[in-house]
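Take a look at the letters that make up each chain.
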Amino acid sequence: GGFFKREGKPSDAEVLNARLIDRPIRPLFPDGYVNEVQIINTVTKGVTWVDVGGPSSSIAIGPLGKRAFATVPSLDKVVEISNQVVVRVSKNGGGIGTVTSIPEGINCGATCVASFDAGTEVQLDYDIDSASGSSFDSWGGSCSGSSSCAFVVAIGTFPIILFNAIAGDCFIATAAYGSWLDPHVVTLRRFRDEHMLTNAIGRWFADLYYRYSPPMADYIRERENLKAAVRVILGMIIFAIKYPILAGILVLLPVPIVISRRRRRLRFAHLANKEE
């Protein structure tokens, strides 16, 4: 008797194939589980091979058995084993615009990531925010051309689009008020040109603002409640720009009241100490 006498010792290839199945599912069993488990693999017709982009060093299967992931050391990442590929659109430049896809999935704007079946032909179109004075510059990454971008979805697909902006545009204010020609935006732009860009500290602040404000403006533009809140904050800044003396009085008005209350509190504390 004995298994090895009956069946013979498995080859190294058979052992390695068995480990590919054994290692990922072993952690799924609860601690203390000692019952014998038999796993039978049956290869049938219609098996789909999924390219994960390189040799895989390990595979993990989700608890429900519906999702699996493979580590790909050559790409330094973990790839989901499925026929779907995640496509992420990257928007660069200081301009403002949206990118949409055919078939539906990407609306960037808000949704810049979507999953498509590998081999799907996807077309990306852009829409420029003309109110901000932005313009289309170019496609990059997996895209090329001067209008729409078409590509076949595969591992590593990464479209990039570049939007240009009018030099010195007020991105957040434009997003909040809806147009770079809005009187509030014009007031802020005039203050920047006449007071901020005339000194080193102001220029440093403006450079910092133009570096980080475009993605913030994109986020604000898609959310009406946030736009309203930003308009309230900018409204107070614009009031201070137009009426600096009155704004200064309103800011300093609480100071005497605070000082008076503090003195009164100290006086009462001093009297209380005397009575003790």
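Residues numbered from 1 in each chain as written. Predicted model: local features only at pLDDT ≥ 70, side-chain atom pairs only at ≥ 80, totals over all residues. Heavy atoms only, no water.

1. Describing the pattern of salt bridges
Taken as a whole and judged by the stated rule, the model has one salt bridge. One salt bridge in this structure joins glutamate 224 and lysine 227, with 3.4 Å as the shortest N-O distance. Of this pair, glutamate 224 and lysine 227 both sit in helix α6 (residues 224-242), separated by three residues, roughly a single helical turn. Residue class for glutamate 224 comes out exposed when judged on its relative accessible area of 52%. (Salt bridge = Lys/Arg side-chain N within 4 Å of Asp/Glu carboxyl O. Helix = DSSP H or I, 4+ residues; strand = E, 2+ residues; numbered from the N terminus. Buried < 20%, exposed > 50% of the residue type's maximum accessible area, 1.4 Å probe, protein only.)

2. Some points on helix α4 (residues 183-196)
Between its terminal C-alpha atoms α4 stretches 19 Å, which fits the 20 Å expected from 14 residues at 1.5 Å a residue. Along α4, the positions that sit buried rather than exposed are Val185, Thr187, Leu188, Arg189, Arg192 and Met196. Those residues of α4 hidden inside the fold are in contact with α3 (171-177), α5 (200-221) and α6. (Expected span 1.5 Å × (residues − 1). Contact = heavy atoms within 4.5 Å.)

3. Re the packing of aromatic side chains
The relative placement of two aromatic rings is captured by the distance of their centres and the angle of their planes. The full count for this structure, using the stated rule, is four aromatic pairs. An aromatic cluster is built from Tyr126, Phe136 and Trp139, whose rings are joined through pairwise contacts. Arginine 223 extends its terminal NZ or CZ atom over the ring of tyrosine 219, reaching a point 3.7 Å from the ring centre. (Phe/Tyr/Trp six-rings, centres within 6.5 Å; stacked < 30°, edge-to-face > 60°. Lys NZ or Arg CZ within 6 Å of the ring centre and 35° of its normal.)

4. Remarks on the nonpolar core
Counting 19 residues, the largest nonpolar core has Val99, Ile106, Phe116, Leu124, Trp139, Phe151 and Val153 as its most contacted members. Elements that contribute at least two residues to this core include exactly β4 (84-88), β8 (113-117), β9 (121-128), β10 (135-141), β11 (149-152) and β12 (159-164). Dropping the residues within four chain positions of it, leucine 124 is found in contact with Val89, Val99, Thr100, Ser101, Ile106, Trp139, Cys143, Ser148, Cys149, Phe151 and Pro159. Within the second largest apolar cluster, 15 residues are counted, among which are Cys170, Tyr177, Val230 and Ile238. (Core = buried A, V, L, I, M, F, W, Y, C linked by side-chain atoms within 4.5 Å.)

5. Thoughts on the sheet that holds strand β7 (residues 107-108)
Across the sheet, four strands lie side by side as β7-β6-β9-β11; this open sheet has antiparallel pairing. Each edge of the sheet is formed by a strand with only one pairing partner; in this case those strands are β7 and β11. (Pairing = 2+ DSSP bridges.)

6. Let's talk about the pairing of β8
Along β8, the buried face is formed by Ala114 and Phe116; none of Val113, Ser115 and Asp117, which line the opposite face, is buried. Sheet topology places β4 next to β8; five bridges connect them, and they run antiparallel. Residue pairing in the sheet places arginine 88 in a bridge with valine 113 of β8.

7. Describing helix α2 (residues 12-25)
Across its 14 residues, α2 extends 20 Å between first and last C-alpha, which sits within 8% of the 20 Å expected from 1.5 Å per residue. Most pronounced at arginine 19, the bend in α2 amounts to some 25°. (Bend = angle between axes of the 7 residues up to and from the residue.)

8. Considerations on the state of the cysteines
In the structure shown here, the tally under the stated rule is two disulfides. Covalent S-S linkage joins cysteine 108 and cysteine 112, the inter-sulfur distance amounting to 1.9 Å. Judged by the torsion about the S-S bond (75°), the cysteine 108/cysteine 112 disulfide is right-handed. Like cysteine 108, the residue cysteine 112 is buried in the burial classification. Cysteine 143 shares a disulfide with cysteine 149; S-S distance 1.9 Å. Between cysteine 143 and cysteine 149 the disulfide shows an S-S torsion of about -75°. By sign, it is left-handed. Across the pair, cysteine 149 and cysteine 143 agree in class, each one buried. Cysteines bonded in the protein are numbered consecutively along the chain; their disulfide partners then correspond to 1-2, 3-4. (Disulfide = S-S within 2.5 Å.)

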